[in-house]
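# Descriptive analysis of the structure
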2 protein chains.
Amino acid sequence: MMVRLARRMEDLRASDIREMLKFTQAPEVISFAGGLPAPECFPVEELKEASIRLLQQAGRQAMQYSTTEGHLPLRRWIAARMRQRDGVDVKPDQILVTSGSQQGLDLSGKLFLDEGDVVFCESPTYLAAISALQAFRPCFVAVPTDDDGMVIEELEQRLRGNPRAKLIYVIPDFQNPTGRTWSFERRRRLVELVRRFRVPVVEDCPYVELRYEGEPIPSLMSLDRDGLVVALGTFSKIFCPGMRIGWLAAAPHLFEKYVILKQSADLHTSTVSQMQIATYLETCDIDANITRIREIYHRRRDVMVAALERELPAGVRFTRPKGGMFLWVELPRHLSARDLLVTCIERQVVFVPGGSFFPNGGGEHTFRLNFSNMPEERIVEGIQRLAVAIREFLARRPAFEPRAAAAG
Amino acid sequence: MMVRLARRMEDLRASDIREMLKFTQAPEVISFAGGLPAPECFPVEELKEASIRLLQQAGRQAMQYSTTEGHLPLRRWIAARMRQRDGVDVKPDQILVTSGSQQGLDLSGKLFLDEGDVVFCESPTYLAAISALQAFRPCFVAVPTDDDGMVIEELEQRLRGNPRAKLIYVIPDFQNPTGRTWSFERRRRLVELVRRFRVPVVEDCPYVELRYEGEPIPSLMSLDRDGLVVALGTFSKIFCPGMRIGWLAAAPHLFEKYVILKQSADLHTSTVSQMQIATYLETCDIDANITRIREIYHRRRDVMVAALERELPAGVRFTRPKGGMFLWVELPRHLSARDLLVTCIERQVVFVPGGSFFPNGGGEHTFRLNFSNMPEERIVEGIQRLAVAIREFLARRPAFEPRAAAAG
């Protein structure tokens, strides 16, 4: 018996790509589709030791309800880490532990967005941010973005005289999906701009610790003096994603609102998981773990970039990210990455077509490759399969022929 | 620098009661305020063993991202448990693991409610359900409720000709805050009624396993043939709340929508926690654990009821719940439980004033007592302190004197 749902459900659908990819989890398939960390980097033994110690020393506390804000020793560690990284002036009582940084997106949508409000994002942007925010029925404005970040003039033009401008969402470091990183200059100018327009920014930083070359660039939050930047962070990429422990850092006037929303959303994040991580941080060396992750992903990135340079036909472009987990491929404009995926599934190699990363459509000729989850030899093999598929695909749809004709 | 928030934030405030109670966590304070399980019932040692086994056998899987729906062995256990309990025809693929059953409330609000839609609830009802649903800006209609549950005629009257009727929220077993349980007859009639009006029901069942006397009564979901009832469940009261593992069970057409919303809210619930519980369920005897919890809470309920009968002055009424964790006290109508709380804080005994459990105000003369968290001798001592405070309070505000005059 059908019942009436909220109007927001009209906009929210299961992704057909996700459905397609569900059938590609056989071991013989080489997947560049997910955003999965390498499981061989998970400190399983250390987590086991930390769990034993925790449950021996503070088992009852770990299993009981706790405060919405989160476990204080963990919040202290997070604040210290953020301060140490780029001098951002953030205190433990501005840190809210969330159920993954994904929850930070959901809470931000709830905090800021009424139906019809405008969210500015990079073009392309993280697809799960689109779906989290979409539940609050905003209009997305995808701001033209180049290798240095959002083009600030373009953002300014769109902010000017826009009374519904409510939120800016960006991933300045090793962006998902493109792998691109904002220059210092663009960060500085964004912070200046939002100060003038008083529009808050959600700065999503899941990959910031995964830099393989070059120098770290200060976060937006470290440049902000007006409490307009909310930073999202996570243990998913530096420890493990399965525990769903993330955080958000916000100025006090926003922080207290986030706490109210977090409480009504799920009371608090798992005490056991928070204390497991806190015990791990106390007794183990997470920096050694991160160094190991960086080394492995660094090599995988190098292997994937080299394979793409070797194998891809002319006319296919891709990014060379300095960190993170993804790179971004652009086919000639008349080609569809979704059609290519169909061919690739037959050849047992998969990726995520880029269209889903554009909230208002477009980017059909692009796709995202993940390089963190597959061992090096599988990356080489996978890129070979991909290149064969692309060549075959190009042969069927030559560059000079318009798409409609090619389909005939 | 203040920024513009979503309109919903006008309705959502930090509870001042919560703020008051923050200062009452000293060990000398006897708290009947929280809804905390007894930590001495947590199977700490078993969880430690289960964690070791899990991390030895499936550490990498436990630490990795997993499906939004949840860990399949856990979903199988939940479905089997629900079937076994009252024959409800629910399959594992109708079970969504949530971050506590609180998240089931948030997702239900998101799924069903547009601004101005009507939610029907018991009077009084669970205060965290009010705050979860309030984020979607509905109107609450508190339906008159007696010792057998909602008065169905009253609900029918309010449903009739109400085009905005969108959702009914109930806690049929050992309700929070009153401890009352719906009769079979009321359940049957509710299910008939919603079938006619096609309004979905969220049936919140956190306490259903905590029955201390009498026979279990079939759930609404077991009586529903139309997929209109969504059931929420949780491990918080039968295992531990600190892991935030709950679930919802829904008909397939609703289930798939919930999955979309869950994915955008936090991707999935902690894989580690889900697999820790699944391993515990596989290797330990949760029924023995529940029996132990029941025995302890049963005695605490008896002790609290006996103490109240002995100590409370005439004119103060209270419920005698057959299970759960709470009972409900009604002072003479002209008295304020908030004012009483101020006196009680001085005497180092605290409770939650009832007003917060009425979405549209009222119930100022009522309050909720929790009996699960304090040992028996503390319950006796606490009820003595409470009774002294009430007598003193009554002496200052005699029953025949109207409130306004008494304040002068």
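Residues numbered from 1 in each chain as written. Chains lettered and ligands numbered in written order. Predicted model: local features only at pLDDT ≥ 70, side-chain atom pairs only at ≥ 80, totals over all residues.

### Quick word on the overall build of chain A
Scanning chain A from terminus to terminus reveals 14 helices and 15 strands. Its C-alpha atoms give chain A principal-axis dimensions of about 65 × 55 × 55 Å. Within chain A, the proportion of its 408 residues that are buried is 52%. Within chain A, counting contacts between residues at least 6 apart in sequence, those at least 24 apart form 77% of the total. (Helix = DSSP H or I, 4+ residues; strand = E, 2+ residues; numbered from the N terminus. Buried ≥ 20, exposed ≤ 12 C-beta atoms within 10 Å, placed from the backbone. Contact = placed C-beta atoms within 7 Å.)

### A short note on the domain arrangement of chain A
Residue and element names in this part refer to chain A. Domain annotation of chain A identifies domain 1 (13-42 + 288-395) and domain 2 (44-283). Measuring from the centre of the C-alpha atoms in domain 1 to the corresponding centre in domain 2 gives 26 Å. Across the boundary between the two partners, domain 1 contributes 26 residues, which contact 28 residues of domain 2. Here the element with the most residues in the side of domain 1 that touches domain 2 is helix 11 (residues 286-311); it accounts for six residues. Broken down by class, the residue content of the side of domain 1 that touches domain 2 amounts to 13 nonpolar, nine polar and four charged. (Domains from an automatic or database assignment. Nonpolar A, V, L, I, M, F, W, Y, C, P; charged D, E, K, R; others polar.)

### Structural notes on the sheet that holds strand 14 (residues 352-353) of chain A
Residue and element names in this part refer to chain A. Taken together, four strands build an open sheet; the order of strands is 11-12-15-14 and the sheet is antiparallel. The strands lining the two open edges of the sheet, one partner per strand, are strand 11 (317-318) and strand 14. With two bridges joining them, strand 11 and strand 12 (residues 326-330) adopt antiparallel strand pairing. From the neighbouring strand, F318 faces strand 12, where its bridge partner is V329. (Pairing = 2+ DSSP bridges.)

### So, the interface of chain A and chain B
Contacts between the two partners involve 66 residues from chain A, matched on the other side by 66 residues from chain B. Only helix 2 (44-63), helix 4 (100-112), helix 5 (127-134), helix 9 (252-266) and helix 10 (271-283) of chain A provide two or more residues apiece to the side of chain A that touches chain B. With eleven residues, helix 2 of chain A is the largest single contributor of residues to the side of chain A that touches chain B. A breakdown of the residues in the side of chain A that touches chain B according to their chemical character gives 34 nonpolar, 18 polar and 14 charged.

### Quick word on the relation of the copies chain A and chain B
Superposing chain A onto chain B requires a rotation of 180° together with a translation of 0.0 Å along the rotation axis, leaving an RMSD of 0.0 Å. Taken together, the rotation and translation describe the operation of a two-fold axis. Taken together, the interface assignments show that 100% of the residues at the interface of chain A recur at the interface of chain B, consistent with an identical surface on both copies. (Least-squares fit on C-alpha atoms with pLDDT ≥ 70 in both.)

### A word on the pairing of strand 7 (residues 165-170) of chain B
All names here are of chain B. Along strand 7, six of the six residues are buried, which leaves the element largely enclosed by surrounding structure. Sheet topology places strand 3 (residues 118-122) next to strand 7; four bridges connect them, and they run parallel. By the bridge assignment for strand 7, V118 is matched with A165. Remark: the strand 7/helix 7 (residues 184-197)/strand 8 (residues 201-204) crossover connection has right-handed handedness. (Right-handed = clockwise from strand over helix to strand, strands pointing away.)

### A look at helix 3 (residues 72-86) of chain A
Structural remark: α-helix, 3.6 residues per turn; residues separated by three or four positions point the same way. All names here are of chain A. With 15 residues, helix 3 ought to run about 21 Å at 1.5 Å a step, and its terminal C-alpha atoms sit 22 Å apart, in line with that. Taken as a whole, helix 3 has its buried residues at L74, R75, I78, A79 and M82. Relative to the axis of helix 3, the buried residues are bounded by an arc of 135° and lie together on one face. The exposed residues of helix 3 that point more than 90 degrees off its buried face are A80 and Q84. Where the residues of helix 3 are buried, they touch strand 2 (95-99), strand 9 (229-234), strand 10 (245-249) and helix 10. (Expected span 1.5 Å × (residues − 1). Arc of directions from axis to C-beta.)

### Quick look at the pairing of strand 7 (residues 165-170) of chain A
By the bridge criterion, three bridges tie strand 7 of chain A to strand 8 (residues 201-204) of chain A in an arrangement that is parallel. In the sheet register, A:I168 faces strand 8 of chain A, and the bridge partner there is A:V201.

### Here's the deal with the packing of helix 12 (residues 337-346) of chain B against helix 13 (residues 376-396) of chain B
Residues and elements named next belong to chain B. Across the interface, helix 12 lies against helix 13 with an axial gap of 9 Å and an inter-helix angle of 125°. Relative to helix 13, helix 12 is oriented oblique. The interaxial crossing formed by helix 12 with helix 13 has right-handed handedness. For the pair formed by helix 12 and helix 13, the contact residues are L340, T343 and C344 on the first element and L386, A389, I390, E392 and F393 on the second. Of the residues that constitute the contact of helix 12 with helix 13, the class distribution is six nonpolar, one polar and one charged. (Axes fitted to C-alpha atoms, helices over the stretch in contact; angles between N-to-C directions. Parallel < 35°, antiparallel > 145°, perpendicular 65-115°, else oblique. Left-handed = near helix turned anticlockwise from the far one by under 90°.)

### With respect to the confidence of the model for chain A
The predicted model of chain A averages 94 in pLDDT, with 96% of residues at 70 or higher. This stretch, residues 401-408 of chain A, has a pLDDT under 50; its non-local contacts, to residues over four places away or in other chains, come to four contacts. (pLDDT = per-residue confidence, 0-100.)

### Observations regarding helix 9 of chain A
All names here are of chain A. The terminal C-alpha atoms of helix 9, which comprises 15 residues, lie 21 Å apart, in line with the 21 Å expected from a rise of 1.5 Å per residue. Within helix 9 the residues assigned to the buried category are L254, K257, Y258, I260, L261, K262, Q263, S264, A265 and D266. One or two residues past the end of helix 9 sits L267, with phi positive at roughly 65°.

### Examining the nonpolar core
Among the nonpolar cores identified, the biggest contains 232 residues, and A:L248, A:A249, A:L369, B:L248, B:A249 and B:L369 are the most heavily contacted of them. Every residue in contact with B:L248, bar those within four places of it in the chain, is listed here: B:L96, B:T98, B:G104, B:V230, B:A231, B:L232 and B:Y258. (Core = buried A, V, L, I, M, F, W, Y, C linked by C-beta atoms within 7 Å.)

### Quick word on the sheet that holds strand 4 (residues 139-143) of chain A
All names here are of chain A. Spatial strand order, 2-10-9-8-7-3-4: seven strands in an open sheet with mixed pairing. Two strands in the sheet have a free side with no partner beyond their single neighbour: strand 2 and strand 4. Neighbour to neighbour, the strand axes of the sheet diverge by 25° on average, direction disregarded. As defined by bridge partners, strand 3 (residues 118-122) adjoins strand 4 across five bridges and the pair is classed as parallel. What sits directly across from F120, in strand 4, is V141.

### Examining the environment of A:A142
By the secondary structure assignment, A:A142 is in strand 4. Not counting the four nearest positions on each side in its chain, A:A142 is found in contact with A:C121, A:S123, A:T125, A:F358, A:P359 and A:N360.

### Structural notes on unusual backbone geometry
In the segment running from A:N176 into A:P177, the intervening peptide bond is cis, with an omega of 20°. Turning to its location among the elements, A:P177 is positioned in the loop between strand 7 and helix 7 (184-197). Geometrically, the link from B:S123 to B:P124 is a cis peptide bond, its omega value of 0° lying close to zero. Tracing the sequence through the fold places B:P124 in the loop between strand 3 and helix 5 (127-134). Positioned with a positive phi, B:L267 is a non-glycine residue whose angle comes to about 65°. Turning to its location among the elements, B:L267 is positioned in the loop between helix 9 (252-266) and helix 10 (271-283).

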